[in-house]
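Listed below are the residues making up each chain.
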Amino acid sequence: MKKYLMGLITIIMATVVLAGCSSSKSDDKTLNVGILQIVQHGSLDAARSGFKSGLSEAVKKHDKSMKVKYTYMNAQGDQSNVNSMSQQLTQKKPDLMLAIGTQAAQGLAKKTKTTPIIITAVTDPKGAGLVKANDKPGTNVTGASDKSPVEKQIKLLKSITKNDKPIGIMYDSSEENSVLQVKRAKKYAKANNISIKTVSVTSTNDVASAVSGMKDTVSGIYLPTDNLMASSMKTIGKKAKEANLPVVTGSIEMAQDGGTTTYGINYKDLGKQAGEMAYQVLINKKKPETMAVETSKTLRLYVNKDNAKAIGIDPSSITKP
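Remember, predicted model here, so these are calculated numbers, not experimental data.

1. Considering the overall build of the protein chain
Within the protein chain one finds twelve helices and twelve strands. Taken along its principal axes, the extent of the C-alpha atoms in the protein chain is 100 × 35 × 35 Å. Going through the 321 residues of the protein chain one by one, you find that 50% of them count as buried. Considering only residue pairs separated by 6 or more positions, the protein chain has 71% of its internal contacts joining residues 24 or more positions apart.

2. Considerations on the packing of helix 5 (residues 150–160) against helix 6 (residues 176–191)
Packing of helix 5 against helix 6 brings their axes to within 9 Å, and their N-to-C directions diverge by 60°. The orientation of helix 5 relative to helix 6 falls into the category oblique. As helix 5 runs across helix 6, the sense of the crossing is right-handed. Packed against helix 5, whose contacting residues are Val150, Glu151, Ile154 and Lys155, the element helix 6 presents Gln181, Arg184, Ala185 and Tyr188 at the interface. Taken together, the residues that form the contact of helix 5 with helix 6 break down as four nonpolar, one polar and three charged.

3. Quick look at the side chain of Ser296
With respect to the secondary-structure elements, Ser296 resides in the loop between strand 11 (294–295) and strand 12 (299–303). On the basis of relative accessible area, Ser296 is assigned to the buried category, the value being 15%. Within the structure, the side chain of Ser296 is placed 2.7 Å from the backbone oxygen of Thr298, a separation counted as a polar contact.

4. Observations regarding the packing of helix 3 (residues 79–91) against helix 4 (residues 102–111)
The contact between helix 3 and helix 4 brings their axes to 9 Å, and the two run at 45°. Accordingly, the angle class assigned to the pair helix 3 and helix 4 is oblique. Crossing angle aside, the handedness with which helix 3 passes helix 4 is right-handed. Contacts from Gln79, Val82, Asn83, Ser86, Gln87, Leu89 and Thr90 in helix 3 reach Gln103, Ala104, Gly107, Leu108 and Lys111 in helix 4. Residue composition of the contact of helix 3 with helix 4, grouped by class: four nonpolar, seven polar and one charged.

5. Quick notes on the sheet that holds strand 5 (residues 141–145)
Pairing within the open sheet is parallel, and its six strands lie in the order 2-1-3-4-5-11. Single-partner strands in this sheet number two, and they are strand 2 (67–74) and strand 11. Here strand 1 (residues 30–37) pairs with strand 2 via eight bridges, running parallel. Directly across from Val33, in strand 2, lies its bridge partner Tyr70. Each of strand 1, strand 3 (96–100), strand 4 (117–120) and strand 5 touches helix 4; the most contacted strand, strand 3, lies at about 145° to it.

6. Thoughts on the pairing of strand 6 (residues 167–171)
The side chains of a regular strand alternate between the sheet's two faces. For strand 6, the tally of buried residues reaches five of five residues, placing the bulk of the element in the interior. With burial as the criterion, each face of strand 6 is covered, one bearing Ile167, Ile169 and Tyr171 and the other bearing Gly168 and Met170. Across five bridges, the pairing between strand 6 and strand 7 (residues 196–200) is parallel. Among the inter-strand pairings, Tyr171 is bridged to a residue of strand 7, identified as Ser200. Between the parallel elements strand 6 and strand 7, the chain passes through helix 6 in a crossover that is right-handed. Summarising the sheet, strand 6 and strand 8 (residues 220–223) pair through three bridges and their orientation is parallel. Pairing of Ile167 across the sheet is with Gly220, part of strand 8.

7. As for the side chain of His41
Following the sequence through the fold, His41 ends up in the loop between strand 1 and helix 2 (42–62). The residues contacting His41, other than those within four sequence positions of it, are Asn227, Ala230 and Ser231.

8. A short note on the packing of aromatic side chains
One pass over the full model with this rule turns up zero aromatic pairs. The positively charged end of Arg48 is found above the aromatic ring belonging to Tyr72, 4.1 Å away from the centroid.

9. Quick notes on the pattern of salt bridges
Any two side chains of opposite charge can pair if their charged atoms end up close together. According to the stated counting rule, one finds five salt bridges in the structure shown. Its salt-bridge partner being Lys239, residue Glu242 comes within 3.8 Å of it at the nearest N-O pair. With a gap of three residues between them, Glu242 and Lys239 both fall in helix 9 (residues 233–242), about one helical turn apart. Relative accessible area serves as the criterion here: at 25%, Lys239 is assigned to the partly exposed category.

Parameters at a glance
Each chain carries its own residue numbering, running from 1 in the direction its sequence is written. Thresholds applied to this predicted model are a pLDDT of at least 70 for local features of residues and 80 or more for the giving and counting of side-chain atom pairs; totals over whole chains, interfaces and linings are not thresholded and use all residues. To obtain the side-chain values, all non-hydrogen atoms of the structure were included, while hydrogens and water were left out. For the purposes of this entry, the term helix denotes a DSSP run of H or I that reaches at least four residues, the term strand denotes a run of E that reaches at least two, and both are numbered from the N terminus. Here the term buried applies to any residue with accessible area under 20% of the maximum for its type, exposed to any over 50%, and partly exposed to those in between, with areas from a 1.4 Å probe on protein chains only. In this description, contact between two residues means that some pair of their heavy atoms is separated by no more than 4.5 Å. Under this scheme, a helix contributes an axis fitted over its contacting stretch, all axes are lines through C-alpha atoms, and angles between N-to-C directions fall in the 0 to 180 degree range. Roughly parallel refers to an angle under 35 degrees, roughly antiparallel to one over 145, roughly perpendicular to one between 65 and 115, and oblique to any angle outside these ranges. Handedness of a helix crossing follows the sense of rotation of the near helix relative to the far helix, less than a right angle counterclockwise being left-handed and clockwise being right-handed. Residues were grouped as follows: Ala, Val, Leu, Ile, Met, Phe, Trp, Tyr, Cys and Pro as nonpolar; Asp, Glu, Lys and Arg as charged; and all remaining residues, including Gly, as polar. N or O atoms within 3.5 Å of each other form a polar contact, as long as, within protein, one can give a hydrogen and the other can take it, and as long as residues adjacent in sequence are counted only when both atoms are side-chain atoms. We call two strands paired when DSSP finds no fewer than two bridges between them. Orienting the strands away from the viewer, one traces the path from the first strand over the helix to the second; a clockwise path indicates a right-handed crossover. Aromatic contacts are taken between Phe, Tyr and Trp rings whose centres are within 6.5 Å, Trp giving its six-membered ring; a plane angle under 30 degrees counts as stacked, one over 60 as edge-to-face, and the others as tilted. Placement of a positive charge over a ring is assigned whenever Lys NZ or Arg CZ falls within 6 Å of the ring centre and within 35 degrees of the normal to the ring plane. We define a salt bridge as a side-chain nitrogen of Lys or Arg found within 4 Å of a carboxyl oxygen belonging to Asp or Glu.

See the structure below:
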């Protein structure tokens, strides 16, 4: 009887071990990815969609049976949410995390120095303290930056304005990325004898009045890739149309949501680029610290034909800067 019981126990233990091994093997077929997005609007949503398709497509080509499980959190522009959500995602111990937006990236980077972090929609990773250098990050962070061709976008706006009044630039002065882009715009304007007028807003409540206030003082409006501006594009588009002002935006999605035109980034493409980088980390075991931060591989001219026609501009007259 004793021998029988011992044999039975041995069989049970072996079964448990095998079951454990089977479970572990199953887990190896699932990649866990945490996503933290700073706020919800068209450009950032497109970046997230692009990332998921880019990573999932690459993984399927590698192994059709492998799956990617995503845990998504959106801070809705609230810094306290960034802090708590960064903590929650880190505690889940995912294989990799995606940060969409500078504040989201900074929040995650403060919580872990080991879990790989891929970023997108971050204009200046080095300036934001996320990497030691863009070409050699030296940290657990890398990704696809949304550094846009500000100079060409200002040139584009100047080519479609109807008078010699200054170009208006509206942005959120509390966003590091926006401040950087405005500095570049000012530098280009000064070198090319272009007059500009900057208007800073920090709340969606001030956007409509800010655009209306520029009606008689500027010839057109430039909007950098700014989360507040992107979230307010419907309002900006409506007010700018009423003022008969052309609007050049930092991203294609912003132009689609109410701008006139842009020569710039498609955030879905940028997100897909970040997803392909994530694949290199997860499957090919590359280290973020050795992977240079990338910028968009594709820039294109986009014209919002309805908006252009509404303010008296022939869409076909708008050409690549």
